[in-house]
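Fold and geometry: a report
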Amino acid sequence: MPSLLPTGLVCLILSQLSLPATSQRLPQILQVNVTDYKPFTNVDCPDISTQPLLRTFSAENQTLHPQEVEYVNTRSQNVLPNAWADWLGDGSSLGYRLSDFQSNFPKVGIAIPGGGLRAAQYGAACLEALDARNDSAKAAGTGGLLQVASYMTGLSGGSWITGSLFFNNWPTIEKLVFGDENLSGWMLDLPFVTPDGSNLFSDENQWFFGSILWSVMAKAQTALDLEATVYEQIVDFARNTISDFSDEDGAGMLYVLSRLLRSVRTRADDVANWPSPFTGLNAGKFQDSEANWLELIDGSSNGENIPYAPLFVKARALDVIVTAEGSADIPVLNWPNGSSLIMTRARQSTLLRISHQQFPPIPDKPEDFVELGINARPTFFGCFPESPSDYPLVIYLPNAPPFNGEVPVANTATFQLTYTLKHTRKMFDQIHKNLLAGWVPNTNDADPNWGTCLKCAAIDRSRFKVTPNVPRSAQCTECFKRYCYDPANPTNKSQLPNRKLEFEDPDPQGVDRLGGFFSKSKFALIGAAIGLVVLIAALTFGLLWWKKRKNQEAEYKRILYNDSEWDAEPLADPPFMKHATHKKMSSYEMK
């Protein structure tokens, strides 16, 4: 059975974030040729006596890598005090004194789940709404949470945003996604699989496909097996069908896959095969102890689409976990329904019970998430622990229908691989407004205190870290009444009125544009069709009536002049002919 892919991106992010604190730098590798995709081989191995490749520990006695410990401690001492002060001020707006919490600030992590380009864009827009460098987020009170975080995990589509931030040295989201003089932006309007359009055999498409194949073959020639390409992963999680993709994307993926699999063959077509560094380790306890190769697959394959596991590790001792929830659990509508949280809770309460913190109380079923309206508004889980070590506080920020009743544009399908610039901009704007609004029960209004409430949730665990414990302030108590999940006082989806659920493409293209026109204009078109039918019926009736009159006039003349019952010497004028010159003569009809 394939092993689940651990979120190794955490280590990359930690190393990059630690640069200001440790002055360590990663080697600069410039990719100027498609063959640069292959790894370096025949390099000198490190001295394992001073730099061991493996650390062994038990679930009961976990340890973190020394460099991770150094980074977290240095950041806690040199960076976080100022970051918290920049965000919360002196704490008086929350009813606290920030000075009471010095050296005891919460340890914060952010999790960004999978879901293709939708999840990548939602994660990016969510980070922008938490970034102190964004003026509107800063003014709303949400901007600053990103700066006090020490960990970030990304899975599948979520790792596209975290990786993109890392490799571009953490620019603002605006610059990263939409570009500036130094960055090209994400350019999501270019077809993901067929950049030159539907003609697979155009020169540009063939160069594109060839560069992919060349890169993969260059790696194969290093004697390493091949990891699963994005094409294989996407098709695998579409259940090996092409029906969910556009015609162009489906045809392109089939073409590239066929060429890949004809040219180079891995041990399994839809997994990443990697030499196992764990062979012979902990025999009988580690299921892959006897394996020479590891088969790695996307972490969401077991239903845990949100990369929570690294953040719940006990040795990391996180206090707050922010969830930028961009999953599409509900078929067709593509909104989250809490499935991933439920799966993570089940796994951590059984297989990972010893090594991981437990999940805070949440609804038991996806249907409950929906019925309570939790999947459509910000929610805090874990507000009322008996002990702060019971579980972290989870700030749940789901991709949700617009609070103000707008038509949603952010709940796109996971397998949509192309976005126009107009759509991406509207998507970001809508998500940004939603995340700065919070919610007010039974209205379509924004909560002016949402920024304060978010701050209350982020700092809350510090109350338990000082002696004596600091009571929860009146302001934060009111916030928690609105935003905390409390089974004793459940909310209901009826408290979220006028939320539109069905996606509407803000910038339809081609056939979709025509379909959008018909959809928007259906009532006008129906009215026009009815009017046309009435007009045709009226014209038909009029023609039939006119023809009938003509026939009657002809019959009238025939009787008047040609009837055989009149003799050779008829009366000078039949009785009715005295009216022959009357202007109403035409109204006298023969029956």
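Every residue gets a number counted from 1 within its own chain, in the order that chain's sequence is written. Local features in this predicted model are restricted to residues of pLDDT 70 or higher, and side-chain atom pairs are both shown and tallied only at a pLDDT of 80 or more, whereas totals for entire chains, interfaces and linings draw on every residue. Hydrogens and water molecules were not included; the side-chain quantities draw on all heavy atoms of the structure.

With that out of the way, let us pick up the overall build of the protein. Numbering goes from the N terminus for both helices and strands, where a helix is a DSSP run of H or I of at least four residues and a strand is a run of E of at least two. Broken down by element type, the protein carries 20 helices and 8 strands. Scored against the burial criterion, the 591 residues of the protein give a buried share of 45%. By definition in these notes, contact holds between two residues if any of their heavy atoms fall within 4.5 Å. In the protein, of all internal contacts separated by at least 6 residues, the share reaching a separation of at least 24 is 71%. Each accessible area value is a Shrake-Rupley result obtained with a 1.4 Å probe; residue values ignore everything except the protein chains displayed when judging cover. Working note: accessible area of the protein is about 31300 Å², and carbon and sulfur atoms make up 56% of it. Only protein chains enter the accessibility calculation, which uses a 1.4 Å probe. A residue is then buried if its area is under 20% of the maximum for its type, exposed if over 50%, and partly exposed in between.

Okay, the state of the cysteines next. Cysteine sulfurs are considered disulfide-paired once they come within 2.5 Å of each other. Scanning the entire structure with this criterion turns up 3 disulfides. There is a disulfide in this structure between Cys383 and Cys484, and the S-S distance comes to 2.0 Å. On the sign convention where negative means left-handed, the S-S torsion of about -90° between Cys383 and Cys484 marks this disulfide as left-handed. One end of the pair, Cys383, is in the loop between strand E7 (379-381) and strand E8 (393-398); the other, Cys484, is in the loop between helix H18 (474-483) and helix H19 (511-520), with 101 residues separating them in the sequence.

This part covers the packing of helix H16 (residues 450-459) against H18. The convention used is that axes are lines fitted to C-alpha atoms, helices contributing only their stretch in contact, and that angles between N-to-C directions extend from 0 to 180 degrees. It is the contact of H16 with H18, at a shortest axis distance of 9 Å, that shows an interaxial angle of 95°. Between H16 and H18, the angle falls in the class roughly perpendicular. Taking contact as the criterion, the partners of Trp450, Thr452, Cys453, Cys456 and Ala457 in H16 are, on H18, Cys476, Cys479, Phe480 and Tyr483. In this count, Pro and Cys sit with the nonpolar residues alongside Ala, Val, Leu, Ile, Met, Phe, Trp and Tyr, while Asp, Glu, Lys and Arg are called charged and the others, Gly among them, polar. Within the contact of H16 with H18, the residues separate by chemical class into 8 nonpolar, 1 polar and no charged. To sort the angles, those under 35 degrees are grouped as roughly parallel, those over 145 as roughly antiparallel, those from 65 to 115 as roughly perpendicular, and the leftovers as oblique.

Contact geometry for helix H4 (residues 80-88) and H16: axes closest at 11 Å, N-to-C directions at 150°. One way to sum up the angle between H4 and H16 is to call them roughly antiparallel. Here H4 runs over H16; the crossing is left-handed. Mapping the contact onto sequence places Trp84, Trp87 and Leu88 in H4 and Leu454, Lys455, Ala458 and Ile459 in H16. Handedness of each helix crossing follows the sense of rotation of the near helix against the far helix: counterclockwise by less than a right angle gives left-handed, clockwise gives right-handed.

Attention shifts here to H4. For H4, the set of buried residues is Leu80, Pro81, Ala83, Trp84, Trp87 and Leu88. The arc that holds every buried residue of H4, seen down its axis, measures 165°, which confines them to one face. For H4, exposure combined with an orientation more than 90 degrees from the buried face picks out Asn82 and Asp86. Taken together, the buried residues of H4 touch helix H3 (66-78), strand E2 (108-112), strand E3 (149-154) and H16. To obtain the arc, one takes the directions from the helix axis to the C-beta atoms.

A word on the pairing of E2. Counting buried residues in E2 gives 5 out of 5 residues, a clear majority hidden from the surface. Where burial is concerned, the two faces of E2 agree: the one with Val108, Ile110 and Ile112 and the one with Gly109 and Ala111 are both buried. Here 5 bridges tie E2 to E3, and the two strands are oriented parallel to one another. By the bridge assignment for E3, Val108 is matched with Ala149. Pairing analysis gives 4 bridges linking E2 to strand E6 (residues 320-325), with the strands arranged parallel. Of the residues in E6, the one forming a bridge with Ala111 is Thr323. At least two DSSP bridges between two strands are required for those strands to pair.

Within the secondary structure, Arg118 is located in helix H5 (residues 116-129). We treat Lys and Arg as the positive residues and Asp and Glu as the negative residues; His and chain ends play no part in the count. When a carboxyl oxygen of Asp or Glu is within 4 Å of a side-chain nitrogen of Lys or Arg, the pair counts as a salt bridge. Of the buried charged residues, Arg118 lacks a salt bridge, with Asp329 as the closest side chain of opposite charge at 7.4 Å. At 3.1 Å, the side chain of Arg118 and the backbone oxygen of Thr412 are in polar contact. Residues within four places of Arg118 in sequence aside, it is in contact with Gly326, Ser327, Ala328, Asn399, Ala410, Asn411, Thr412, Ala413, Thr414, Tyr419 and Met427. Each polar contact in these results corresponds to two N or O atoms within 3.5 Å; when the atoms are within protein, one needs to be able to donate a hydrogen and the other to accept it, and residues that are neighboring in sequence are counted only if both atoms are side-chain atoms.

What follows covers H5. Note: α-helices contain 3.6 residues per turn, so residues at a spacing of three or four share the same orientation. The span one expects for a helix is its residue count, reduced by one, times 1.5 Å. Its 14 residues place the ends of H5 20 Å apart at the C-alpha level, agreeing with the 20 Å of an ideal helix rising 1.5 Å per residue. The element H5 is extensively covered by neighbouring structure, given that 14 of its 14 residues are classed as buried.

The next thing to look at is unusual backbone geometry. The residue after Thr467, namely Pro468, is reached through a cis peptide bond having omega -5°. Inspection of the secondary structure puts Pro468 in the loop between helix H17 (462-465) and H18.

Moving on, we come to the pairing of E6. The side chains of a regular strand alternate between both faces of the sheet. Summarising burial for E6: 6 of the 6 residues are buried, a large majority. Burial along E6 is two-sided: the residues Val320, Val322 and Ala324 and Ile321, Thr323 and Glu325 are all buried. Across 6 bridges, the pairing between E6 and E8 is parallel. When the sheet's bridge partners are listed, Val322 is paired in E8 with Ile395.

Looking now at the sheet that holds E6. Spatially, E3-E2-E6-E8-E7 is the arrangement adopted by the 5 strands of the open sheet, whose pairing is mixed. Of all the strands in the sheet, just E3 and E7 have a single pairing partner and so form its edges. Adjacent strand axes in the sheet meet at a mean angle of 20°, parallel and antiparallel pairs treated alike. The strands that H16 touches are E6, E7 and E8; relative to E8, the one it contacts most, it runs at about 145°.

Further remarks concern the confidence of the model for the protein. Scored by pLDDT, the protein comes out at a mean of 82, with 76% of its residues at no less than 70. Within the model, pLDDT remains below 50 along residues 233-243, and this stretch shows 22 contacts once partners closer than five positions in the same chain are excluded. Confidence drops under a pLDDT of 50 for residues 563-572, and excluding neighbours within four residues, the segment shows 3 contacts in the predicted structure. Residue-level confidence of the predictor is summarised by pLDDT, bounded by 0 at the bottom and 100 at the top.

Tracing the backbone through its elements, the reader meets Gly141 in the loop between helix H6 (135-140) and E3. Filtering out sequence-adjacent residues up to four positions away, Gly141 remains in contact with Trp87, Gly451 and Lys455.

Looking now at the packing of aromatic side chains. Each pair of aromatic rings taken from Phe, Tyr and Trp, with Trp reduced to its six-membered ring, is defined by centres within 6.5 Å and is described as stacked if the planes are under 30 degrees apart, edge-to-face if over 60, and tilted in the remaining cases. The final tally for this structure, using the stated rule, is 17 aromatic pairs. When the centroid spacing of 5.9 Å and the interplanar angle of 35° are considered together, the rings of Trp84 and Trp87 count as tilted. In this pair, Trp84 and Trp87 are both assigned in helix H4, 3 residues apart and thus about one turn of the helix distant. When its relative accessible area of 0% is taken as the criterion, Trp84 is described as buried.

When a protein is soluble and globular, its nonpolar side chains tend to lie buried together. Here, nonpolar core refers to any group of buried Ala, Val, Leu, Ile, Met, Phe, Trp, Tyr and Cys residues whose side-chain atoms link them within 4.5 Å. If you look at the biggest cluster of nonpolar residues, it comprises 70 residues, and the most contacted ones within it are Trp84 and Phe380. No other element matches H5, which puts 8 residues into this core. Setting aside residues up to four positions removed in sequence, Phe380 forms contacts with Leu393, Val394, Ile395, Trp450, Cys453, Leu454, Ala457, Phe480, Tyr483, Cys484 and Tyr485. The next biggest cluster of nonpolar side chains, apart from the first, holds 22 residues, and it includes Val72, Leu311, Leu341 and Tyr485.

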